[in-house]
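Working through the structure, step by step
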Amino acid sequence: METQCQRVKLNDGHFIPILGFGTYAPEEVPKSEALEVTKFAIEVGFRHIDCAHAYRNEEQVGHAIRSKIADGTVKREDIFYTSKLWSTCLQPELVQSALEKSLKNLQLDYVDLYLIHTPVPLKQGGEILPTDEDGKLILDSVDLRHTWEALEKCKDAGLTKSIGVSNFNHKQLEKILNKHRLKYKPVCNQVECHPYLNQGKLLGFCKSHDIVLVAYGALGSQRLSKWVNPNYPILLEDPVLCAIAKKHKQTPALVALRYQIQCGVVALAKSYNRKRIKENMQVFDFELTPEDMKTIDGINRNMRYYEFLPIIDHPEYPYSEEY
Ligand SMILES: NC(=O)c1ccc[n+]([C@@H]2O[C@H](COP(=O)([O-])OP(=O)(O)OC[C@H]3O[C@@H](n4cnc5c(N)ncnc54)[C@H](OP(=O)(O)O)[C@@H]3O)[C@@H](O)[C@H]2O)c1
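Residues numbered from 1 in each chain as written. Predicted model: local features only at pLDDT ≥ 70, side-chain atom pairs only at ≥ 80, totals over all residues. Heavy atoms only, no water.

1. Quick word on the sheet that holds strand 5 (residues 80–85)
- Strand order in the closed barrel formed by 8 strands is 3-4-5-6-7-8-9-10, with parallel pairing between adjacent strands. Each strand of the sheet is rotated relative to its neighbour by a mean of 30°, with strand direction disregarded.
- Sitting on the sheet, helix 8 (residues 252–262) is in contact with strand 3 (19–22), strand 9 (212–216) and strand 10 (266–270), with an inclination near 160° to strand 10. (Pairing = 2+ DSSP bridges. Helix = DSSP H or I, 4+ residues; strand = E, 2+ residues; numbered from the N terminus. Axes fitted to C-alpha atoms, helices over the stretch in contact; angles between N-to-C directions. Contact = heavy atoms within 4.5 Å.)

2. Observations concerning the pattern of salt bridges
- Enumeration over the complete set of coordinates arrives at 16 salt bridges.
- A salt bridge links glutamate 316 to lysine 175; the shortest N-O distance between them is 3.6 Å. In this pair, glutamate 316 is assigned in the segment after helix 10 (290–297) and lysine 175 in helix 5 (residues 170–177), connecting sequence segments 141 residues apart.
- Measuring nitrogen to oxygen at the nearest pair gives 2.6 Å for the salt bridge that ties glutamate 322 to lysine 201. (Salt bridge = Lys/Arg side-chain N within 4 Å of Asp/Glu carboxyl O.)

3. Details of the packing of helix 3 (residues 92–106) against helix 4 (residues 144–156)
- It is the contact of helix 3 with helix 4, at a shortest axis distance of 8 Å, that shows an interaxial angle of 35°. Crossing of helix 3 against helix 4: the hand is right-handed. Residue-level inspection shows Pro92, Val95, Gln96 and Leu99 of helix 3 in contact with helix 4, the latter providing His146, Thr147, Ala150, Leu151 and Cys154.
- Grouping the amino acids of the contact of helix 3 with helix 4 by side-chain chemistry returns 6 nonpolar, 3 polar and no charged. (Left-handed = near helix turned anticlockwise from the far one by under 90°. Nonpolar A, V, L, I, M, F, W, Y, C, P; charged D, E, K, R; others polar.)

Right, here's the structure in full:
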């Protein structure tokens, strides 16, 4: 990993910055805030921006990127922008138009990375979360290898520089890797990853296939009641993280992010608060010792904040596998 330029090489030759800015905020947060915080994140040095069609803020995030290009802060090639194919568009014939819709919202010519957001398809149509009259999610079925072939075509068409997956377990990754006539391997698998779920086995699998693991929920998730059980412990209050933070005169958040980076994981950090956005860039200003790393390894409890329980019955539900 090239830490000095804070980027890591992907298996297709492109580079991804090892710290990314997470842009997802709940519905009640005005979309205009996504514009302001993304501009601010770029001003303080973030170059990797993680977004998705399903976050419903690509218009504002794209606007922020374009305005920071227009005022000379960055060039387009300095920014690494990730978008994601939502689960209602996993049928291969829907993939390219879904990416084109994102590009239209963003007003950009290409994205740097396009991910299959989850391996579980939902019924196609306008709704992000299509539900039946009982409020149950309407699931669908698809061969993920065919979805992947459609992503490969998007890369060939120049709509995205790199392609990857998110929320895949190792068997689902293997299915793509072992696919007949695979043209491009996934460059990454973006999954929940933090000291309570350190993904040791999945990380080992990914490293052995030159696939980068990108961590979301690296700060313990936003704990939104829609997605996360409020009784789950608060990562950033963990006594071990707090003690290591105190020793280094850093914050538990910075220790959590630094831990990912030293594990060889690309870390996303979401904040809509200027002080904390700026603070998160300080992850490059200190180092954890091998003993600190071992101690943090010791608090792993394979605990997932984002369980996605409404899709648990689907055969592609990724977390039925150990990793
Ligand atoms: N692929 C997927 O399925 C998937 C799923 C979930 C998330 N993601 C992506 O990953 C990103 C990050 O994950 P996440 O949304 O779960 O959040 P996260 O990065 O784990 O952050 C959780 C919370 O930590 C707070 N925070 C940030 N910096 C802090 C600091 N220095 N000190 C104390 N608290 C701090 C933030 O609150 P404030 O805003 O108040 O600072 C934020 O709400 C998302 O925004 C999204 O881009 C992807």
